[in-house]
Amino acid sequence: MYNLLISLGVGIAVALLVKVAGFSIWAGLVPGILALVGTYIVLARRVASRIQALMTVVQKDLQSQPTSQKDAQSRVDRAVKTLEQGLVYDKWQFLVGPELHAQIGMLKYMVKDHEGAKAAFDKGSSRNYMAKAMEGALYFQRKDFDAMKKAFESATKSGKKESIVWAAYAWCLLQNKDKDGALRVLARGVEENPKDEKLKGSLAALQNDKRLKMKPYEPMWWQFGLEAPPPVMPPMGGRRMQFNTRR
């Protein structure tokens, strides 16, 4: 990645300057490393700020209520084009491309462009738990249950503290008549989140042969498109889009 290469170049240059000044190459090691790390942090933050600016534009466009399906599609198309502008930084900073593809996949999934969503998810970051959960929901709708489980398992690793991930996974298993699997998933979710009343309530309901109700997980649940939404949909931007540079 360009940012890392530039940082390495700066670090090496500083170390050589110390050597040229009459000191040993070992004396230049510490200032060289400090220059490398400092340069990398500055460059990484610069890229992150530019990506976050694009995310802010997208978020602003999606916050208000769409007036129709056509309006929603139009907004998503604009949002995708905005996010695609950030792909130029893919070669500059680690994980930029996969995170943007994950965001694009979620947007396309929510307007039922499943082919476009799958193509984006295939390139997306496994650390984006909502993207992986939506990918699991997509495979559920395609009746590819092995791929569904794989995607949801990935989502539970990065989003183990997010009740919606466990609940959506369990819901899909239940629809596939795998109640035991759903119980195991919810039990794992409660184990990871012992104070989460929503997950505990869902687990208790299944244990007592009651229906798994997803109302406690609204409005995020509606983004999965697996049940008919209420008459008034929540804003498309129910989840704030942020870009965090991971180093």
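What comes next concerns the included structure.

Cut-offs and rules
Residues numbered from 1 in each chain as written. Predicted model: local features only at pLDDT ≥ 70, side-chain atom pairs only at ≥ 80, totals over all residues. Heavy atoms only, no water. Axes fitted to C-alpha atoms, helices over the stretch in contact; angles between N-to-C directions. Helix = DSSP H or I, 4+ residues; strand = E, 2+ residues; numbered from the N terminus. Parallel < 35°, antiparallel > 145°, perpendicular 65-115°, else oblique. Contact = heavy atoms within 4.5 Å. Nonpolar A, V, L, I, M, F, W, Y, C, P; charged D, E, K, R; others polar. Expected span 1.5 Å × (residues − 1). Buried < 20%, exposed > 50% of the residue type's maximum accessible area, 1.4 Å probe, protein only.

## Concerning the packing of helix H2 (residues 29–63) against helix H4 (residues 96–110)
Two quantities define a packed helix pair, namely the angle between the helix axes and the distance between the axes.
Right, so step 1: As a packed pair, H2 and H4 sit with axes 12 Å apart at the nearest point and diverge in direction by 5 degrees. With respect to H4, the axis of H2 lies roughly parallel. Here Val-47, Ile-51, Met-55, Val-58 and Leu-62 of H2 lie close against H4, whose contacting residues are Val-96, Leu-100, Gln-103 and Leu-107.
Right, so step 2: A per-class count over the contact of H2 with H4 returns eight nonpolar, one polar and no charged.

## With respect to H4
Right, so step 1: In this model, H4 (15 residues) spans 22 Å end to end at C-alpha, consistent with the 21 Å of a helix rising 1.5 Å per residue.
Right, so step 2: For H4, the buried fraction is high: 12 of the 15 residues fall into the buried class.
Right, so step 3: The set of residues buried in H4 consists of Val-96, Gly-97, Glu-99, Leu-100, His-101, Ala-102, Gln-103, Ile-104, Gly-105, Met-106, Leu-107 and Tyr-109.
Right, so step 4: Where H4 is buried, its residues meet H2, helix H3 (69–85), helix H5 (114–123) and helix H6 (129–141).
Right, so step 5: Once H4 finishes, Lys-112 follows within two positions and takes phi at roughly 65 degrees, a positive value.

## Remarks on the environment of Asp-90
Right, so step 1: Among the secondary structure elements, Asp-90 is positioned in the loop between H3 and H4.
Right, so step 2: With 43 residues separating them along the chain, Asp-90 and Val-47 place their C-alpha atoms 9.7 Å apart.
Right, so step 3: Ignoring anything within four residues of it in the chain, the contact list for Asp-90 reads Met-1, Val-96, Gly-97 and Pro-98.

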